[in-house]
Amino acid sequence: MEPIIFAYLGIGIMIILSGVGSAYGVTIAGNASVGALKKEPGAFGNFLVLSALAGTQGLYGFIGYFMLKKFLIPEITWAQAAAIFGAGLAMGFVGLFSAIRQGQVCANGITAIGNGHKVFVNTLILAVFPELYAIISLAAVFLISTSL
C-alpha cells in the first residue's frame, strides 16, 4: 500500500465518523424537539438551537480535512501518512461519540423545556462539555498538521 492511501483512509475515517456522529446527535435532539413541540409550540427557537448543536462535530471533521489536505501529495512519507491517519482516527472517534452524547444532553433539555421548565441556558452550558472534547480533537489535528 502506498502511504498516500493510508493518509486518505485517515481522512475518510475522520469525515465519516464525525459526520455520522453529528447525524445521530441532531436526530436524537430533533426527535425530542418534535415531541416537545406538542406541549410547548412557542419554544421552537430554543429547540432549533439545541437540536443543531450536535451538528458541529461533522463540521470539525470537514475542517480537519482542510487542515491536512496540503500534505496529501504523491510524495508523502510514511511518517506523514501515519500522522494524518492518527489525526483522522482521533477526530473521527471523538467527533462520533461527543456528537451522540451532546445530542442526548440536548434532548433531555428539550424534554424539560417541553414540560415547562426554564432550562434552556442550563442545557446550553451542559451541552458544551461534550463539545469541548471535539474542539480539543480538532486542536490536536491542527497541532499534528503544524508538525508535518
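Before reading on, note that the structure itself is shown above.
Calculation notes
- Residues numbered from 1 in each chain as written.
- Predicted model: local features only at pLDDT ≥ 70, side-chain atom pairs only at ≥ 80, totals over all residues.
- Heavy atoms only, no water.
- Helix = DSSP H or I, 4+ residues; strand = E, 2+ residues; numbered from the N terminus.
- Buried < 20%, exposed > 50% of the residue type's maximum accessible area, 1.4 Å probe, protein only.
- Contact = heavy atoms within 4.5 Å.
- Areas by Shrake-Rupley, 256 points an atom, 1.4 Å probe, with all protein chains shown as cover.
- Lys, Arg positive; Asp, Glu negative; His and termini not counted.
- Charge placed at Lys NZ, Arg CZ, Asp CG, Glu CD.
- Phe/Tyr/Trp six-rings, centres within 6.5 Å; stacked < 30°, edge-to-face > 60°.
- Expected span 1.5 Å × (residues − 1).
- Bend = angle between axes of the 7 residues up to and from the residue.
- Patch = residues over 30% accessible without salt bridge, like charges linked within 9 Å, V, L, I, M, F, W, Y side chains within 5 Å.
- Salt bridge = Lys/Arg side-chain N within 4 Å of Asp/Glu carboxyl O.
- Axes fitted to C-alpha atoms, helices over the stretch in contact; angles between N-to-C directions.
- Parallel < 35°, antiparallel > 145°, perpendicular 65-115°, else oblique.
- Nonpolar A, V, L, I, M, F, W, Y, C, P; charged D, E, K, R; others polar.
- Core = buried A, V, L, I, M, F, W, Y, C linked by side-chain atoms within 4.5 Å.

### Topic: the overall build of the protein chain
Then, in step 1: When helices and strands are tallied, the protein chain shows five helices and zero strands.
Then, in step 2: Its C-alpha atoms put the protein chain at 60 × 20 × 20 Å along the principal axes.
Then, in step 3: Put simply, the protein chain has 148 residues, and 41% of those count as buried.
Then, in step 4: Across the protein chain, contacts joining residues at least 24 apart in sequence account for 86% of those joining residues at least 6 apart.
Then, in step 5: Entry remark: accessible area of the protein chain is about 7,600 Å², with carbon and sulfur atoms responsible for 73%.
Then, in step 6: Across the protein chain, 6 positive and 4 negative side-chain charges occur, with their mean positions spaced 17 Å apart.

### Some thoughts on the packing of aromatic side chains
Then, in step 1: Across all of its chains, the model carries four aromatic pairs by this definition.
Then, in step 2: Relative to Trp-78, the ring of Phe-6 lies with its centre 5.9 Å away and its plane at 50 degrees, an arrangement referred to as tilted. With Phe-6 in helix α1 (residues 3–39) and Trp-78 in helix α4 (residues 78–114), this pair connects stretches of sequence that are 72 residues apart.
Then, in step 3: A ring pair is formed by Tyr-65 and Phe-66, whose centres lie 5.2 Å apart and whose planes are at 65 degrees; its orientation type is edge-to-face.

### A few points about helix α5 (residues 120–147)
Then, in step 1: For α5, which comprises 28 residues, the first-to-last C-alpha distance of 40 Å matches the rise-based estimate of 40 Å (1.5 Å per residue) to within 8%.
Then, in step 2: The largest bend along α5 measures about 35 degrees and falls at Pro-130.
Then, in step 3: All of the buried residues in α5 are Phe-120, Thr-123, Ala-127, Pro-130, Glu-131, Ala-134, Ser-137, Leu-138, Val-141 and Ser-145.
Then, in step 4: Structurally, α5 contributes buried residues whose contacts are with α1, α2 (44–52), α3 (56–68) and α4.

### Considering a nonpolar patch on the surface
Then, in step 1: A cluster of nonpolar side chains, namely Met-1, Ile-5, Leu-9 and Trp-78, defines an oily patch on the protein surface of about 430 Å² accessible area.
Then, in step 2: Residue classification places Trp-78 among the partly exposed positions, given a relative accessible area of 45%.

### With respect to the packing of α2 against α4
Then, in step 1: The interhelical angle for the contact between α2 and α4, taken along N-to-C directions, is 170 degrees, at an axis separation of 9 Å. For the element pair α2 / α4, the angle class is roughly antiparallel. Every residue of α4 that contacts α2 at Phe-47, Leu-50 and Ser-51 is listed here: Cys-106, Ile-110, Ile-113 and Gly-114.
Then, in step 2: By residue class, the composition of the contact of α2 with α4 is five nonpolar, two polar and no charged.

### Here we look at α4
Helical geometry note: an α-helix holds 3.6 residues per turn, so side chains three or four residues apart project in the same direction.
Then, in step 1: Taking 1.5 Å as the rise per residue, α4 with 37 residues should run 54 Å; its terminal C-alpha atoms sit 53 Å apart, in good agreement.
Then, in step 2: In the stretch just after α4, Gly-116 is the one whose phi turns positive, near 95 degrees.

### Digging into the nonpolar core
Then, in step 1: Leu-68, Ile-84, Met-91 and Val-141 are the most contacted members of the largest nonpolar core, which totals 19 residues.
Then, in step 2: Only α1, α3, α4 and α5 provide two or more residues apiece to this core.
Then, in step 3: Ala-32, Phe-47, Ile-110 and Ala-127 belong to the second-largest nonpolar core, a separate cluster that totals twelve residues.

Nothing here speaks to function; it is all geometry.
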